[in-house]
Structures are given as structure tokens and as C-alpha cells.
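Single-letter residue listing:
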Amino acid sequence: MVLNLEPISVERDLLAPGHRLCAGCAETIVVRQILHAVGEPVIVASSTGCLEVATSPYPYTSWRVPWIHSAFENAASTISGVETMYRALVKRGKIEDKGLKFVVFAGDGATYDIGLQFISGAMERGHRFLYVCLNNEAYMNTGIQRSSATPFGAWTTTSPVGKETPGKTQHRKDITAIFAAHNIPFVAQAAPHAWRDLMSKAKKAIAADGPSFINVIVPCQRGWRYAPGDTIELSRLAVDTCVWSLYEVVDGEWRLNYYPNPKKPVTDWLKSQGRFQHLLKPENKHVVDILQAEVDRQWTKLLERCKVS
Amino acid sequence: MTLQKVKGIPVALEGDRAVAEAMRQMNPDVVAAYPITPQTEIVMRFSDFVASGEVETEFIPVESEHASMSACIGASAAGGRVQTASSGAGIALMWEVLWVASGSRLPIVMHVVNRSLSAPLNIHCDHSDSIGMRDAGWVQLYDEDVQEAYDNAIQVVRIAEHPDVLLPTIHALDGFILGHSVERLEKLPDEAVTEFIGTYTPAYPLLDVEHPLSYGPMDLQDYFFEHKRQQAEAMVHALDVVAQVAEEYGDLTGRYHSLIEGYRLDDADFVTVMLGSTVGTAKCAVDLMREQGVKAGLLKIRCFRPFPAAAVAEALADRKAIAVLDRSLSFGAQINPLCLEVIGALYSHGFAPKLINYVYGLGGRDTVPAQICEIYQELVRIDREGVTGSVLRYLAVRD
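Residues numbered from 1 in each chain as written. Chains lettered and ligands numbered in written order. Predicted model: local features only at pLDDT ≥ 70, side-chain atom pairs only at ≥ 80, totals over all residues. Heavy atoms only, no water.

Engineer: An account of the overall build of chain A is needed here, citing residue identities and associated values.
Structural biologist: When its secondary structure is counted, chain A shows twelve helices and eight strands. Here the C-alpha radius of gyration of chain A, 19 Å, is about what a compact globule of 309 residues would show, namely 19 Å. Along the longest, intermediate and shortest principal axes, the C-alpha atoms of chain A span 70 × 50 × 40 Å. Expressed as a percentage of its 309 residues, the buried residues of chain A come to 60%. (Helix = DSSP H or I, 4+ residues; strand = E, 2+ residues; numbered from the N terminus. Rg over C-alpha atoms; globule rule 2.2 N^0.38 Å. Buried < 20%, exposed > 50% of the residue type's maximum accessible area, 1.4 Å probe, protein only.)

Engineer: Talk me through the domain arrangement of chain B; I want residue IDs and the actual numbers.
Structural biologist: All names here are of chain B. By domain assignment, chain B separates into domain 1 (9-253) and domain 2 (260-394). Between domain 1 and domain 2, the C-alpha centre-to-centre distance is 28 Å. Every contact between the two is made by 28 residues of domain 1 and, on the other side, 25 residues of domain 2. Across the interface of domain 1 and domain 2, roughly 2100 Å² is buried in total on both sides, 56% from carbon and sulfur atoms. (Domains from an automatic or database assignment. Contact = heavy atoms within 4.5 Å. Buried area = accessible area lost by both parts, 1.4 Å probe.)

Engineer: I'd like to hear about the sheet that holds strand S4 (residues 82-86) of chain B, residue by residue, with values.
Structural biologist: Residue and element names in this part refer to chain B. Reading across the sheet, the seven strands line up as S3-S2-S4-S5-S7-S6-S13 and stay open at both edges, with mixed pairing between neighbours. Here the strands that pair on one side only, and so sit at the sheet edges, are strand S3 (58-61) and strand S13 (303-305). Taken over all neighbouring pairs, the strand axes of this sheet differ in orientation by 20° on average, direction set aside. Relative to S13, strand S6 (residues 139-142) runs antiparallel, the two being bridged by two bridges. Residue pairing for S13: Leu141 is matched across the bridge by Cys303. (Pairing = 2+ DSSP bridges. Axes fitted to C-alpha atoms, helices over the stretch in contact; angles between N-to-C directions.)

Engineer: I'd like to hear about helix H3 (residues 65-78) of chain B, residue by residue, with values.
Structural biologist: All names here are of chain B. Here H3 is 14 residues long and its end C-alpha atoms lie 20 Å apart, about the 20 Å a rise of 1.5 Å per residue gives. Of all the 14 residues making up H3, 14 are buried; the element is thus mostly covered by neighbouring parts of the structure. In this structure Ser64 caps H3, since a side-chain oxygen of it lies 3.3 Å from the backbone nitrogen of His66. Taken from the residues just after H3, Gly79 is the one with a positive phi, measuring 120°. (Expected span 1.5 Å × (residues − 1). Polar contact = N/O pair within 3.5 Å; in protein donor to acceptor, adjacent residues only side chain to side chain.)

Engineer: Go over the interface of chain B and chain A, please, and point to the residues and values.
Structural biologist: Listed by partner, the interface residues are 43 residues for chain B and 44 residues for chain A. Summed over both partners, the interface of chain B with chain A buries about 3300 Å², with 62% contributed by carbon and sulfur atoms. The tally of links from chain B across to chain A stands at seven salt bridges. Residue Asp29 of chain B pairs with Lys94 of chain A through a salt bridge whose shortest N-O separation is 2.9 Å. (Salt bridge = Lys/Arg side-chain N within 4 Å of Asp/Glu carboxyl O.)

Engineer: Tell me about the pairing of strand S7 (residues 169-174) of chain B, residues and numbers included.
Structural biologist: All names here are of chain B. For S7, the tally of buried residues reaches six of six residues, placing the bulk of the element in the interior. Alternating residues of S7 divide into Thr169, His171 and Leu173 and Ile170, Ala172 and Asp174, and every residue in both groups is buried. Taken together, the six bridges between strand S5 (residues 109-114) and S7 define a ladder with parallel strand orientation. Following the sheet pairing, Met110 is matched in S7 by Ile170. As judged from the four bridges shared by S6 and S7, these two strands associate in the parallel manner. In the sheet register, Tyr142 faces S7, and the bridge partner there is Ala172.

Engineer: Quick one: what's the story with the environment of Thr78 of chain A, residue by residue and with numbers?
Structural biologist: All names here are of chain A. Among the structural elements, Thr78 can be located in helix H4 (residues 75-91). Thr78 sits in the buried class, given a relative accessible area of 1%. The spacing of Thr78 and Val104 is 26 residues in sequence and 9.3 Å in space, taken between C-alpha atoms.

Engineer: Explain the nonpolar core residue by residue, including any values.
Structural biologist: Across soluble globular proteins, nonpolar side chains show a tendency to be buried alongside one another. All names here are of chain B. Formed by 126 residues in total, the largest nonpolar core has its most connected members in Met69, Met110, Trp138, Leu207, Leu299 and Val342. Apart from residues lying up to four places away in sequence, Met110 is in contact with Met69, Thr84, Ala85, Ser86, Ile91, Met94, Leu98, Met133, Trp138, Thr169, Ile170 and His171. By size, the runner-up hydrophobic cluster in this structure holds 49 residues, among which are Val19, Val113, Ala149 and Val165. (Core = buried A, V, L, I, M, F, W, Y, C linked by side-chain atoms within 4.5 Å.)

Engineer: So what about the packing of aromatic side chains? Which residues, and what values?
Structural biologist: Centre-to-centre distance and the angle between the planes together describe a pair of aromatic rings. Going through the model one piece at a time under the given rule, you end up with 16 aromatic pairs over all chains. An aromatic cluster of at least three residues, connected via ring pairs, comprises Trp63, Trp67 and Phe105 of chain A. We note Arg275 of chain A situated over the ring of Trp224 of chain A; from NZ or CZ to the ring centre the distance is 4.1 Å. It is Arg305 of chain B that lies over the ring of Phe304 of chain B; its NZ or CZ is 4.7 Å from the centre. (Phe/Tyr/Trp six-rings, centres within 6.5 Å; stacked < 30°, edge-to-face > 60°. Lys NZ or Arg CZ within 6 Å of the ring centre and 35° of its normal.)

Engineer: How would you sum up unusual backbone geometry? Please name residues and give values.
Structural biologist: For the bond running from Ala119 of chain B to Pro120 of chain B, omega is -5°, close enough to zero to count as cis. Here Pro120 of chain B is to be found in the loop between S5 and helix H5 (128-132). For the peptide bond that leads from Arg305 of chain B to Pro306 of chain B, omega is -5°, which places it in the cis range. Its location among the elements puts Pro306 of chain B in the loop between S13 and helix H10 (309-316). You will see that Asn183 of chain A, though not glycine, has its phi angle at about 55°, which is positive. Within the secondary structure, Asn183 of chain A is located in the loop between helix H7 (175-180) and strand S5 (186-190). For Ala396 of chain B, which is not a glycine, the phi torsion comes out positive at approximately 55°.

Engineer: Run through the sheet that holds strand S9 (residues 214-215) of chain B, naming residues and quoting values.
Structural biologist: Read from one edge of the open sheet, nine strands run S8(A)-S7(A)-S5(A)-S6(A)-S4(A)-S3(A)-S1(A)-S2(A)-S9(B), paired in mixed fashion. In this open sheet, the two edge strands, each paired with only one partner strand, are strand S8 (253-256) of chain A together with S9 of chain B. Where strand S3 (residues 101-107) of chain A and strand S4 (residues 130-135) of chain A come together, five bridges link them in parallel fashion. Bridge pairing in S4 of chain A places Val104 of chain A opposite Tyr131 of chain A. H4 of chain A rests against strand S1 (42-46), strand S2 (67-69), S3 and S4 of chain A of the sheet, and its axis sits at about 170° to S3 of chain A.

Engineer: Quick one: what's the story with the pattern of salt bridges, residue by residue and with numbers?
Structural biologist: Enumeration over the complete set of coordinates arrives at 50 salt bridges over all chains. The residue Asp13 of chain A makes a salt bridge to Arg32 of chain A at a minimum N-O spacing of 3.2 Å. Linking Asp13 of chain A in the loop between helix H1 (5-10) and helix H2 (26-38) with Arg32 of chain A in helix H2, this pair joins segments that are 19 residues apart in sequence. In this structure, Arg381 of chain B and Glu385 of chain B form a salt bridge, with 2.6 Å as the shortest nitrogen-oxygen distance. Taken together, the residues span about one helical turn, with Arg381 of chain B and Glu385 of chain B both in helix H12 (residues 369-385) at a distance of four residues. Residue classification places Glu385 of chain B among the partly exposed positions, given a relative accessible area of 44%. It is possible to trace a salt-bridge network through shared partners that takes in Glu144, Glu148, Glu261, Lys283, Lys300 and Arg302 of chain B.

Written out as C-alpha cells, the structure reads:
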């Protein structure tokens, strides 16, 4: 898919500046990239979370397109309703078919945890919408609590580092594979530094005849404990260490989009962020070994699924 | 609007089917619903109408009631007519988003088939579900019989969508007692329903991409309270609108049901107050008591939210003794929700008649005329002896 940066660079952003997200937050980068790729006319739904609170402090809004927020867990159901009403009114000749597109932006807490049932239901019913998970690997809006997207060993305020526990003691779940198992037309993982890959995926997703899902890693300088200027480098490092892989599942066919060479050790990833600092101590080497083994296992599994040898 | 009375079509239907039939005639743009006893018959029947093309509605077979209300919110904000139906635990699961629907001023209609709340598990009627959503900002009507379930199902659309109201609205019919009981009713011809509900033009459709709106913003200390104040005002407006819509519907059908209704009330000394299907049972008890020379009467509350306080106070002001019947229990309260409203209405209008509160019929426990006759006899005793005794009582329960 050809993506020309020049027209995009002068195109109006559908998310206006002046919002209240943190300096260095990857969420707006990803939202703007995706909305440039999707284009108008588009309707956006958000779950409760950083993006929602920072872009809609009444009486202000950063959204230049129709936008709806209902609650934390139900953005997929909400967009189901919006999309269905659109079809209903077009069918009854009450409004004109303008080829409206429907996009959800939700965090990992809303996607992996509290909203899982709602997304699953909406995907099974086959509503035509793109669901984007802005995955910063914890409940950042409430102040860095662990979610089921939080990686093994990470410090959060509800998986603290103490005498008994070295951060989170469970591996994260593979939500992207869970949604791929819904047999929807398009599922992918992406990252903001790989903007061309991300935007191509958004274009494919929105063109799909049915539900689509993109899980995007969004480095969070507050929650991951790094300098705000390093966001894009963190995104790149996540992919080069294989803690986050770029792939897509198109009509059930798994395709790898990036093969890091060399594949960097997970310690490079751990060293880059304050949330993993405790793991660098000698007494926690076994935790690092477990994490590396899991990253390798998941990477091998992905290569098998993508038939890459 | 002045309407010409139309000839009704007599049919025999269960309450759930009467509601589904009203939904077919209303032909909403979107229905999102989930099955739950004793409401299931409504979604089953309506699904048939969708499958057979008898409605143009897009039906969303959601995976839960929370999703049902969430999809209704999205669909209503998008800009069209939206309905759902639920019961008991389903309404409890919706609780969070009931408030989103009303706070976003979305005129969603929900047909409620009353069911108790677990635990212990019980699928039968009491009002814990709809009274439990008392403070969620929904207009609430209660149905006395299957005819009224049908009539209210149609009227609530007009109430919810009225520009002075714009609030989600329920009408509630007693599970099984009305929901699964066949009664004779008169339905309207399809075109009369179409004409009565008219067309809906949403003021702020999300689908209008030329005029982008942000729905459901973050709203903190500086504006939230004003928005809630406006919502409260909309509820006040609903009082007039419920009455006005009832009047128009009465012109159309000859059946006038307003905010409250009296039965043999004018000269009554002893009055029971209630809502729902027990009104019919109590009318029978009133007649029995009248035969015994007791001046018994009844006040039916059709509209519980907004509560028609002035009308209730006026209707009850000079009675010798009153019993308010609640089919839900507010654990630890001095009195229960309907009684609380009635006492509040009386007190704020300067009246303090002798009054007791009965909890009855929880979990579908039968309530029969003889039990209500006993209540009247108790009211007579209270008046004779001048001693009220315990205000809070339980009807027909083993101690």
C-alpha cells in the first residue's frame, strides 16, 4: 500500500491540538496517524481513559469529528449502536449513505479487562468498525495500576515491588490472538514509530467488510518511567526486543510485518524504563530469565503462525 | 393535537405479546435486547417480526443487558428511535449505563417486565428492579393490566421524545402476573399508532458529520451540577407531558389514564395506594368492603417518576386512614419507596393523616382480595381506636 507523507503533512488533523495529554504521550501520535489513514467521514467512540478525559473537558473538545463516550467497558457496544442506527436510517431512506466509517479508541484496561465481553460480542455480531487498543500496558489514567496487558515483572501501583513480589507475577494475555480467533477480517499489532506500517494497517482495517482490530503499543512516560522525549525510541526498542511484534491477520492468514535483526535481548528493554529497574538487581535475574523465555516462546509461536522459518 | 377516536381491534394477548405487538406497530429504528425471564417473550416475538419483515427495525442481539443499554445509547445518540426490554437482574446489570442514558438526555424507551432481584434466585414479580432504578433519571409509568401495558408502551415514546423532556422512559408490567397472562384488550390499527407517535427528529444527531458533536464529555466541578439541575427540570416538565400525552391518547382510544387514578375515591375514608397489577386486585377488595358498608377507596399511581406529589396530596388529604403498598423493600428504611413518596407529598402540602405501609408480594407471592380487605379492616380499627401502631408492616408473610 502506497502512503505519501507529503499530503498527509498538510492535511488537517481530526484531533485538534490543545488537549491535555502528557508531553511525550504516544496516544495522540497514534490517534492522529490512524485518523489520517481512515479519513472523513468518520465517527469516533472512546472508552473512559486518558484519551477521553484529556480530549473532552467540558466545554471544550479536541474532536473535529463526531465523537461519543459512554463508559469504561462499553465502547464496542456503543459503536455497535451508532453503526446499526446508521444502517437503519440509510435502509429506511431517512439519511443519505455517505460511507461513514466507525472507529473506537480504547485503552488496554478497557480492552483486555473490563470491556472484553463487549468487544467479543460486537465482533461476533459483525458490526463494521475498527477497534484500536491504545495499549500502554496498565491503567495509566487512574495512576498506573496493573491490567492483564501489563508484562510479567513490571512495577505498577497494584503490582508493587516488595519483599514477596518482584512486580507483576503473571504474564499478559495475548488479546490480539483472542480477537483473531473471532475470525474477523482484519487483526493486527502495530507501533507508532513504524508509522507507515500502522497507517497501512488502519487503511486495510477500515476497508474490511466487518469488524477489525489493531493493538498498538503506546509508550507512556509517566507509567513506564522514562524521559518524555524517548517515546518513539521506546516504541522501536519494543519491536526490536520482540516484546511487541508487528504482524497482521488478514482473513485468517497470519503475516509477519517486521523481523528484527538482530533480535535484541529483553534486558535492553528493561534497562530503558524505571518500571523494570528492580529486575536489573542480581537477586531478580531469575525473573528476567522467565521474561526472556516467555518473549522467546511467544516470538517462536508467532513465527510458526506466520510460517516464517 | 386533537384526535378523532378510532375503533379498537379486540384481541386476546399475554402482556409480553401485547408489548411486542405495540413495538411492531411503532416500528422503531433500532432495538437492542437480551433475553431474560419474564421478558424473553418480548424479544422472541419481536425477533419474529424482524425475521418476517413485519418491521423495518434493525435488531441488535446483544451479549448482555449492559451491552443492550450501551448499544441503545449509541443508537439513540446517532439519531433515531430506540427501544429495549428487560427484567430484574438485567436491569441491575444495566445500572451504570441507565445513568449515562438519562444524563445524555437520550429518549430511549425500555419495556420493563418486573422481576425480583437475587439472591435467593427468583424469577417472579416484585418491583425491586424498576424501583431500584428510581434515582437513575428515567421517567417511570406502571401498568395495571395488559390493556394498559399496551397503551403505556405507545405513550412512553411520545413522553421520552418530547422536546421539554428528552429523557429515557420505562413502563413496567408485573412479570408473569401481566407478562404471561392472557387478557382481552383493544389494540389500535397500525396507522393510528404510526400517526400517534409521529416522526422523531433528533435535535443533536451524532451521525450529522457536517456538525460534529462530542457526546459524553468529561464534566467536572464547573458545569456538572448545572447539567444535573437541567436534568431535574426536565423531570418536572415530564409531569405535564405525561398528562398531556395521556389526554391525547384518551381522545384516540377512549381510555384516559393520567398521572394518578382514583377508584371509588371521592367519598372514601379508608384508602390504599399502590402501583402495578395489584390495583386490579385491590379494586375488587374495595367493592367487597363497600358491600360491608366501609367507605373504602383506592389511589393508583400510574406515574412514579416524576412523582405527582401535588395531585397525590390533594387526593389523600382528608382521609381517615391510608395504607401504602410497596412491592419492593428498602432494607433498613423506616418506610419503603412508594410510601416515602406519599408521606413526602402529604407532609409538604401540610397534611398528616394516619398512615401505614405494607410490603407485599415479594418474589411473586400472591396477593388476593381477602388480604387487601384485611388491610381496610386494619385502617378502620386504626381510625376507631386512634392508635396507628407500627407503620411498617408485611402482608401475608410467615414470621
